[in-house]
Amino acid sequence: MRAPRILLGAFVLATVLDLVSLAVGFRAGHLVAKPLLMPLLAARTARAGGPRLLVAALLCGWGGDVLLLSDAGPAFMAGMASFAAGHVCYLVLFRRQGPPRARARILVPVYAAALVTLVVLLWPDLPAGLRVPVAGYSTLLTAMAYTAATRLRPVAGLGGALFMLSDTLIATGVAGWPQLPRPDFWIMLTYVAAQFLLVRGTLDARPAPATAYREVRSTTP
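Residues numbered from 1 in each chain as written. Predicted model: local features only at pLDDT ≥ 70, side-chain atom pairs only at ≥ 80, totals over all residues. Heavy atoms only, no water.

(A) Spotlight on the packing of aromatic side chains. Inspection of every chain in the model, using the stated rule, returns 7 aromatic pairs. An angle of 25° between the planes, with centres 5.4 Å apart, marks the rings of Tyr90 and Phe94 as stacked. Highlighted residues: Tyr90 and Phe94, both in helix H4 (residues 73-95), separated by 4 residues, approximately one helical turn. Under the relative-accessibility criterion, Tyr90 is labelled buried at 1%. Owing to a relative accessible area of 0%, Phe94 belongs among the buried residues under this scheme. Judged by centre distance (5.0 Å) and plane angle (90°), the ring pair of Phe185 and Trp186 falls under edge-to-face. Among the aromatic residues, ring-to-ring pairing joins Phe83, Phe163 and Tyr191 into one connected group. (Phe/Tyr/Trp six-rings, centres within 6.5 Å; stacked < 30°, edge-to-face > 60°. Helix = DSSP H or I, 4+ residues; strand = E, 2+ residues; numbered from the N terminus. Buried < 20%, exposed > 50% of the residue type's maximum accessible area, 1.4 Å probe, protein only.)

(B) Expanded view of the nonpolar core. Counting 52 residues, the largest nonpolar core has Tyr90, Phe94, Met144 and Phe163 as the members making the most contacts within it. Mapped by element, the contributors of at least two residues to this core are helix H1 (2-24), helix H2 (27-47), helix H3 (52-67), H4, helix H5 (104-122), helix H6 (128-151), helix H7 (154-174) and helix H8 (183-204). For Phe94, the contacting residues outside a window of four places in its chain are Met144, Thr147, Ala148, Arg151, Leu152, Leu198 and Thr202. (Core = buried A, V, L, I, M, F, W, Y, C linked by side-chain atoms within 4.5 Å. Contact = heavy atoms within 4.5 Å.)

(C) The arrangement of the confidence of the model for the chain in detail. Put simply, the chain has an average pLDDT of 92, and 93% of its residues get 70 or more. Mean pLDDT across the secondary structure elements of the chain bottoms out at helix H9 (residues 209-218), with 46, and peaks at H3, with 98. Here residues 211-221 is modelled with pLDDT under 50, and outside its nearest four sequence neighbours on either side it reaches 0 contacts, counting other chains as well. (pLDDT = per-residue confidence, 0-100.)

(D) A look at a nonpolar patch on the surface. Together, Val12, Val16, Val20, Val24 and Phe26 make up an exposed nonpolar region whose accessible area comes to about 450 Å². Assignment of secondary structure puts Val24 in helix H1. When its relative accessible area of 57% is taken as the criterion, Val24 is described as exposed. (Patch = residues over 30% accessible without salt bridge, like charges linked within 9 Å, V, L, I, M, F, W, Y side chains within 5 Å. Areas by Shrake-Rupley, 256 points an atom, 1.4 Å probe, with all protein chains shown as cover. Salt bridge = Lys/Arg side-chain N within 4 Å of Asp/Glu carboxyl O.)

(E) Geometry of H2. The end-to-end C-alpha distance of H2 is 31 Å, a good match for the 30 Å that 21 residues give at a rise of 1.5 Å each. The sharpest bend along H2 reaches about 30° and sits at Leu37, with the proline Pro39 one to four residues further on. Looking at H2, one finds that the buried residues are Gly29, His30, Ala33, Lys34, Leu37, Met38, Leu40, Leu41, Ala42, Arg44 and Thr45. As for H2, its buried residues are in contact with H1, H3 and H8. Of the residues flanking the end of H2, it is Gly49, one or two places downstream, whose phi is positive at about 85°. (Expected span 1.5 Å × (residues − 1). Bend = angle between axes of the 7 residues up to and from the residue.)

(F) Inspection of the packing of H4 against H6 at higher detail. Relative to each other, H4 and H6 sit at 25°, their axes nearing to 9 Å. The pairing of H4 with H6 is recorded here as roughly parallel in orientation. As for how H4 packs across H6, the hand of that crossing is left-handed. Of the residues in H6, those touching H4 at Phe76, Met77, Met80, Phe83, Ala84, His87, Val88, Tyr90, Leu91, Phe94 and Arg95 are Leu130, Pro133, Val134, Tyr137, Leu140, Leu141, Ala143, Met144, Thr147, Ala148 and Arg151. Split by residue class, the contact of H4 with H6 holds 18 nonpolar, 2 polar and 2 charged. (Axes fitted to C-alpha atoms, helices over the stretch in contact; angles between N-to-C directions. Parallel < 35°, antiparallel > 145°, perpendicular 65-115°, else oblique. Left-handed = near helix turned anticlockwise from the far one by under 90°. Nonpolar A, V, L, I, M, F, W, Y, C, P; charged D, E, K, R; others polar.)

The structure is reproduced here in structure tokens:
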């Protein structure tokens, strides 16, 4: 149990370094800390017995993080593709958690309205070559967030919602909309929180060892 705690502490330390660097405008600190975040969280998740798809989703996020350190257009597209692959991993994983909860139907119009509103508002201001990719990516992200909210506990639903918020901040920046001061700080704050909460929600959804043991015994002839 000691290794996961050490890795979690390292993840928290790297997160603080990254956020402080962004808050004070120290780009070198951000360039060092950002690529460490998802590998540390993935390592901690693996040592805690997390499913492979969860680790894969985090490593896809790491790929996107590294690619988005570049301002080049192809790097942005590749980073978006890497994050999209992570969302596919999350979707497959979350759908294995069982049927949707009772609140699923209630949340359908909420997430659908959020998606449609975002795409319609952003569409005219996005570069022509990014409109369709951003719309497709936003659909996949919304599906992931909805699935997290309806198949896992509320902590995972919050993680999915924060992921949507983080990527919305990125998209509005690409569209040239007015931004908050230090926009990268808010993007990373919501993103790191989102990934951590999705991990927490997934790990919390696992059956307790004692429960699993009793279930095995009850089915043993």
